Amino acid sequence: MTVESVNPVTPVASELREPPLAGGGVPLLGHGWKLARDPLAFMSQLRDHGDIVRIKLGPKTVYAVTTPALTGAMALSPDYIIAGPLWESLEGLLGKEGVATANGPLHRRQRRTIQPAFRLDAIPAYGPIMEEETRALVERWQGGETIDCTSESFRIAVRVAARCLLRGQFMDERAERLCIALASVFQGMYHRMVVPLGPLYRLPLPANREFNRALADLHLLVDEIVAERRASGQKPDDLLTALLEAKDDNGDPIGEQEIHDQVVAILTPGSETIASTIMSLLLVLADHPEQADKVCSEVRTVTGGRPVAFDDVRKLTHTNNVVIEAMRLRPAVWILTRRAVADTELGGYRIPAGADIVYSPYAIQRDPRSYERHLEFDPDRWLPERSKDIPKYAMRPFSVGNRKCPSDHFSMALLTLVTAVLADGFRFEQVPGSVDETRVGITLRPQRLRLKPVPR
């Protein structure tokens, strides 16, 4: 399927329809209360009302897109930019000058600055660090004590990102600070997205004070990283050096705020999404021991019994499919928003300039129209002979077009390596007190996953 085949003929303005309005809204909050109460079910049910559906978040009308074809068309169209409730809620963290939130020429220039660090031929250089951090994880778990999957997943995600991309010896204390702060910040930003009651979030309430403290600590952490690099006088070949030496379109050094926002964009969203995915993979290994055994068998066939190395990753096809299937059923990024920059159409519906559009990878990746046995964990659905029947945009965990995640190869290499090493070393069992229900915030992850690693 191509984008052209989604809308082969653009309807004239008089033929465009207004999307239907979803039922169940209430005064003042609109559908925000449903989105806050059971967001995954709410977004998944919207497909029953049409390809595009209007919902109300407070007084604001938002357009929800429910089909893979139309989300692909939107991602590749210049009529839509990164904006809307999600990104507005994230501005306090990501700022307006980082690659995650910028648009237009600024975004293109920033992509050119950071892209070399994520080129396919650059990834093998990060292999030794990924191996070292993954093996350190295994060594910590050899005693068989109960593991807190949240803190452990954040620790490896943050340390790998910092050591590979910023060349920082990111100590556990800072990883813990980031983990604790991110939990508060992302939860608070999620509430601000679904229930946009702006002035109330400035009141000196305990939840607001906790959010503000966590946000301040995150920004202080980034300032420490940048200041330490400047003071050292060192210029290693890494992403932070590239940012400190980057020029704007006039040939002048980029501003301090842009450097700050770029480092935030490297450390925080990436750490949050990778950590959330590692947690979901740990849950998979515990809940599907037959898949864990298959991964272990594949690893030992490839390695001949030696420790897994980064160079083995590309040969671990089933392990890779386990990672993809985990991301399908439990995507870290479950909701995304865009904004129309001009009066336009999508799927025969009228989309006015300035309209905010929302869509849910979670809902799209669990759509029974796209997947047989859509709720079943089945890594073999990604074998070539079966994946060809899956609609083109029904599984795009790193997005498409000019907003495609630049670190997709980096992330997949790390996730596959971590899954292979852990499945080769342990069987996992949930322990009393573990809560594997999905925690919904800006990202998805198990609520409070506690596992006992049993050495193989």
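Numbers given to residues run from 1 along each chain, matching the order in which its sequence is written. Restriction of local features to residues with pLDDT of at least 70 applies here, the model being predicted, together with a cutoff of 80 or more for giving and counting side-chain atom pairs; totals for whole chains, interfaces and linings are based on all residues. To obtain the side-chain values, all non-hydrogen atoms of the structure were used and water was disregarded.

Draft legend 1. Up close: the overall build of the protein. Elements are defined by DSSP. Helices are runs of H or I of four residues or more, strands are runs of E of two residues or more, and each kind is numbered from the N terminus. In terms of regular secondary structure, the protein is built from 17 helices and twelve strands. Restricting the calculation to C-alpha atoms gives the radius of gyration, and the globule rule supplies 2.2 Å times the number of residues raised to the power 0.38. For 456 residues, the compact-globule estimate of 2.2 N^0.38 gives 23 Å, and the C-alpha radius of gyration of the protein, at 22 Å, lies within 12% of that figure. Expressed as lengths along the three principal axes of its C-alpha atoms, the size of the protein is roughly 65 × 55 × 45 Å. Within the protein, counting contacts between residues at least 6 apart in sequence, those at least 24 apart form 72% of the total. Per-residue accessibility takes into account occlusion by the displayed protein chains alone, with areas from the Shrake-Rupley method and a 1.4 Å probe. Of the roughly 19700 Å² of accessible surface on the protein, 55% is carried by carbon and sulfur atoms. Asp and Glu are treated as the negative residues and Lys and Arg as the positive ones, with His and the ends of the chain left uncounted. For the purpose of locating charges, the reference atoms are NZ of Lys, CZ of Arg, CG of Asp and CD of Glu. Across the protein, the mean location of the 56 positive side-chain charges is 2 Å away from that of the 58 negative side-chain charges. Pairs of residues are marked as contacts when any of their non-hydrogen atoms sit within 4.5 Å.

Draft legend 2. Spatial organisation of helix α8 (residues 149–165). Spanning 17 residues, α8 covers 24 Å between terminal C-alpha atoms, matching the ideal 24 Å at 1.5 Å per step. Partly exposed describes any residue whose relative accessible area lies between the buried limit of under 20% and the exposed limit of over 50%, with all areas from a 1.4 Å probe on protein chains only and scaled to the type maximum. Judged by how many residues are buried, α8 sits mostly within the fold: 17 of 17 residues are covered. Whenever two N or O atoms come within 3.5 Å, that pair is a polar contact, provided that in protein one can donate a hydrogen and the other can accept it, and provided that, for residues adjacent in sequence, both atoms are side-chain atoms. With a side-chain oxygen positioned 3.0 Å from the backbone nitrogen of Thr-150, the residue opening α8 is Asp-148. One or two positions beyond α8, positive phi appears at Arg-167, with a value near 50°. The length a helix should cover is 1.5 Å for every residue beyond the first.

Draft legend 3. Seen up close, the sheet that holds strand β8 (residues 356–359). Should DSSP find at least two bridges between two strands, the strands are regarded as paired. Here we have five strands laid out as an open sheet, ordered β1-β2-β8-β5-β3, and mixed in their pairing. Each having just a single partner strand, β1 (52–57) and β3 (80–82) make up the two edges of the open sheet. Ignoring which end each strand starts from, the neighbouring axes of this sheet average 40° apart. Axis lines are fitted through C-alpha atoms, for helices just across the contact stretch, and the angle between N-to-C directions can take any value from 0 to 180 degrees.

Draft legend 4. Highlighting the sheet that holds strand β12 (residues 450–455). The strand order β4-β12-β9 describes an open sheet built from three strands, whose pairing is antiparallel. Strands at the two margins of the open sheet, each flanked by one partner only, are β4 (147–148) and β9 (426–430). Inspection of the sheet shows β4 paired to β12 by two bridges, in the antiparallel sense. From the neighbouring strand, Asp-148 faces β12, where its bridge partner is Arg-450. Here helix α12 (residues 256–287) sits on the sheet and contacts β9 and β12; the angle it forms with β9, its principal contact strand, is near 90°. Sheet strands touched by helix α17 (residues 408–425): β9 and β12. Its angle to β9, the strand with the most contacts, is close to 85°.

Draft legend 5. Examining the packing of α8 against α17 more closely. Remark: α8 packs on α17, axes separated minimally by 12 Å, with the N-to-C direction vectors making an angle of 130°. Classed by the angle they form, the pair α8 and α17 counts as oblique. Between α8 and α17 lies a crossing whose hand is right-handed. Side by side, α8 and α17 meet where Ile-156, Val-160, Cys-164 and Leu-165 of the first sit next to Phe-410, Leu-414 and Val-418 of the second. Broken down by class, the residue content of the contact of α8 with α17 amounts to seven nonpolar, no polar and no charged. For classification, angles of less than 35 degrees are called roughly parallel, those exceeding 145 degrees roughly antiparallel, those between 65 and 115 degrees roughly perpendicular, and all remaining angles oblique. Crossings are assigned a handedness: left-handed for a near helix turned anticlockwise from the far helix by less than a right angle, right-handed for a clockwise turn. Amino acids outside the nonpolar list (Ala, Val, Leu, Ile, Met, Phe, Trp, Tyr, Cys, Pro) and the charged list (Asp, Glu, Lys, Arg) are all regarded as polar, and Gly is one of them.

Draft legend 6. Expanded view of the domain arrangement of the protein. An automatic or database domain assignment supplies the start and end points of every domain. Taken domain by domain, the protein holds domain 1 (1–96 + 334–371) and domain 2 (99–330 + 397–456). The distance between the C-alpha centroids of domain 1 and domain 2 comes to 27 Å. Facing 28 residues of domain 1, the contacting portion of domain 2 comprises 33 residues. Two parts placed together each lose some accessible area; with a 1.4 Å probe, that loss summed over both constitutes the buried area. Between domain 1 and domain 2, the buried area comes to about 2700 Å², and carbon and sulfur atoms account for 67% of it. Between domain 1 and domain 2 we count five residue pairs in polar contact (both at pLDDT 80 or more) in total. Counting residues per element, the ones that place at least two in the side of domain 1 that touches domain 2 are α2 (32–37), α3 (39–45), β3, α5 (85–94) and α15 (361–365). With eight residues, the single largest contributor to the side of domain 1 that touches domain 2 is α5. Considered class by class, the residues forming the side of domain 1 that touches domain 2 number 20 nonpolar, five polar and three charged.

Draft legend 7. The arrangement of the environment of Phe-42 in detail. Within the secondary structure, Phe-42 is located in helix α3. Along the primary structure Phe-42 and Val-99 are separated by 57 residues, whereas in three dimensions their C-alpha atoms are 30 Å apart.

Draft legend 8. Summary view of the packing of α8 against α12. As a packed pair, α8 and α12 sit with axes 8 Å apart at the nearest point and diverge in direction by 135°. Comparing their axes, α12 and α8 come out oblique. Crossing geometry of α8 relative to α12 is assigned as right-handed. Contact residues: Cys-149, Thr-150, Ser-153, Phe-154, Ile-156, Ala-157, Val-158, Ala-161, Ala-162 and Leu-165 in α8; Ile-266, Leu-267, Ser-271, Glu-272, Ile-274, Ala-275, Ile-278, Met-279 and Leu-282 in α12. Considering only residue class, the contact of α8 with α12 consists of 15 nonpolar, three polar and one charged.

Draft legend 9. Local environment of the side chain of Arg-47. Mapped onto the secondary structure, Arg-47 falls in the loop between α3 and β1. One polar contact links the side chain of Arg-47 to the main-chain carbonyl oxygen of Ser-44, over a distance of 3.5 Å.

Draft legend 10. Structural view of unusual backbone geometry. One non-glycine residue with positive phi stands out, namely Leu-28, at about 75°. Tracing the chain through its elements places Leu-28 in the loop between α1 (3–6) and α2. Residue class for Leu-28 comes out exposed when judged on its relative accessible area of 76%. Unlike most non-glycine residues, Arg-373 shows phi in positive territory, near 45°.

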